[in-house]
Amino acid sequence: MARGLRAMGLASACLMEPGEKMSSPWEVDYWIEYDPWDLAALDRWVARWPEKQRVAAVLNRRERRVMEHALLNQALQLQGIRPWQAKIFRDKLLLRELLEQKAAHLNPPFREVQLEKSGPPPLPFPFLLKPRNLFKSQLITACRTRRDWEPALERIRSSWEAAQKRHGVRLEPSLLAEEELEGSHFSLDGFVTSQGNMVFSPPVPLTTAAQWGLEDFHISVRWVDPDVKPCTARLLEGAARDLVEALELRASPLHIDLVSLGERVWILDAAPRVGGYRSEMTELAWGCSLDLMSLKVAMGESVEWEPRWEKCVAVVELFPWEEGVLQTIEGLEEIRKLGSFHRLKQRVPAGERVGWAKDGFRCPVFVILVNPDMKLLQKDVERLREFVRIRVSPS
């Protein structure tokens, strides 16, 4: 993104936590080191920053930096997300409570659950337990019968501290319990202008871990499929518009995860940013830059969806079958020979601990595939699954 801004004649400044490793740091004009546990200090620093009058827009692509985005907008007197909205976006329970007041049809049944207290199940089975402010489907646990209830709480308690350290977050002391929904899973990315107009990129169908027969809650495959039915897209966009009005959101990108069944649509989660992988997926599939659209919206300009071509894209996240210390990932060379192969990234080096999302881990490797033919793309996804073996040791 920084390279693209420089090509447009714009300079870039980027927040950086102490000790954070950056790729291509020379492409960013200003690095701003800050303490994520002391946002008041960031606010004071911005007030004294000699370059603040030059700032045209603030952009964010990180789950953890939603509040920083809002505080910078406010301190620099820019339009876009505000701290009260950021607080709701970063807390699934607060989002549920807001929707219950303003757009209850977007909510499944839900309850708050105290992590350290035992008691009766909060909802009829089946339901899911979720941390309020953790991302990427992490620590989500299913309660499908009465005998799952206490073990599910204990499983989350035992992973709580490690997940906080691993991802640099302070988790809220209670959980969200919500009905386990049946239906088709989608994500949707859109943009809200300063006038409240909305523009959407096409919905992204999602293959869940459960659809692959895995007892986890991560998304196994994100698809760009040009053949999503227009009636489905309209239903999803309608839910997004209702969410935007409930949150009074303006001059912002919006990423939403949804479940659709017949004429019903429920919102699972939402964030005021472009979704993970979506910038690359959209440029590969349509030739459109969601990052550029985010910039235009933040600067108060109008945006349009103008695809230049049509291709099918799949992003596949791969997890080990059990928790342990990563030894090796086999089959990566075979993946590189697939006709649809675009790129892959191993996120976790050998020697580090890996596991399922429900135990608080992110995927150790992801693969991006591109093909003009959806059937060929689907075949390569299945072949990819056969190739990969993630080897771990138990200690």
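Because the structure is predicted, anything quoted here is derived from the model rather than measured.

Asker: What's the story with the nonpolar core in this structure? I'm lost.
Answerer: In a soluble, globular protein the nonpolar side chains are often hidden away together inside. In terms of nonpolar packing, the biggest core is built from 46 residues, with Val 313, Leu 318, Ile 335, Val 381, Leu 384 and Ile 390 touching the most fellow members. Aside from chain neighbours lying at most four places away, what touches Ile 390 is Leu 318, Phe 319, Pro 320, Leu 326, Thr 328, Ile 329, Pro 364 and Val 365. Counting 31 residues, the second largest nonpolar core, distinct from the first, contains Val 66, Ala 86, Ala 239 and Leu 247.

Asker: Where do I start with the environment of Ser 24 in this structure?
Answerer: Secondary-structure assignment places Ser 24 in the loop between strand E1 (13–16) and strand E2 (30–33). Since its relative accessible area comes to 25%, Ser 24 is described here as partly exposed. Each C-alpha atom, one on Ser 24 and one on Ala 2, is 9.5 Å from the other, the two residues being 22 residues apart in sequence.

Asker: Is there a simple way to explain the sheet that holds strand E16 (residues 353–354) in this structure?
Answerer: Note: strands within a sheet are paired through backbone hydrogen bonds, in either parallel or antiparallel orientation. An order of E16-E14-E18 is seen for the 3 strands of this open sheet, with the pairing classed as antiparallel. Edge positions in the open sheet fall to E16 and strand E18 (389–393), since each of these has one partner strand only. Both strand E14 (residues 324–330) and E16 contribute to a ladder of 2 bridges, which runs antiparallel. When the bridges of E16 are listed, Val 325 appears paired with Arg 353.

Conventions and cut-offs
Residues numbered from 1 in each chain as written. Predicted model: local features only at pLDDT ≥ 70, side-chain atom pairs only at ≥ 80, totals over all residues. Heavy atoms only, no water. Core = buried A, V, L, I, M, F, W, Y, C linked by side-chain atoms within 4.5 Å. Buried < 20%, exposed > 50% of the residue type's maximum accessible area, 1.4 Å probe, protein only. Contact = heavy atoms within 4.5 Å. Helix = DSSP H or I, 4+ residues; strand = E, 2+ residues; numbered from the N terminus. Pairing = 2+ DSSP bridges.

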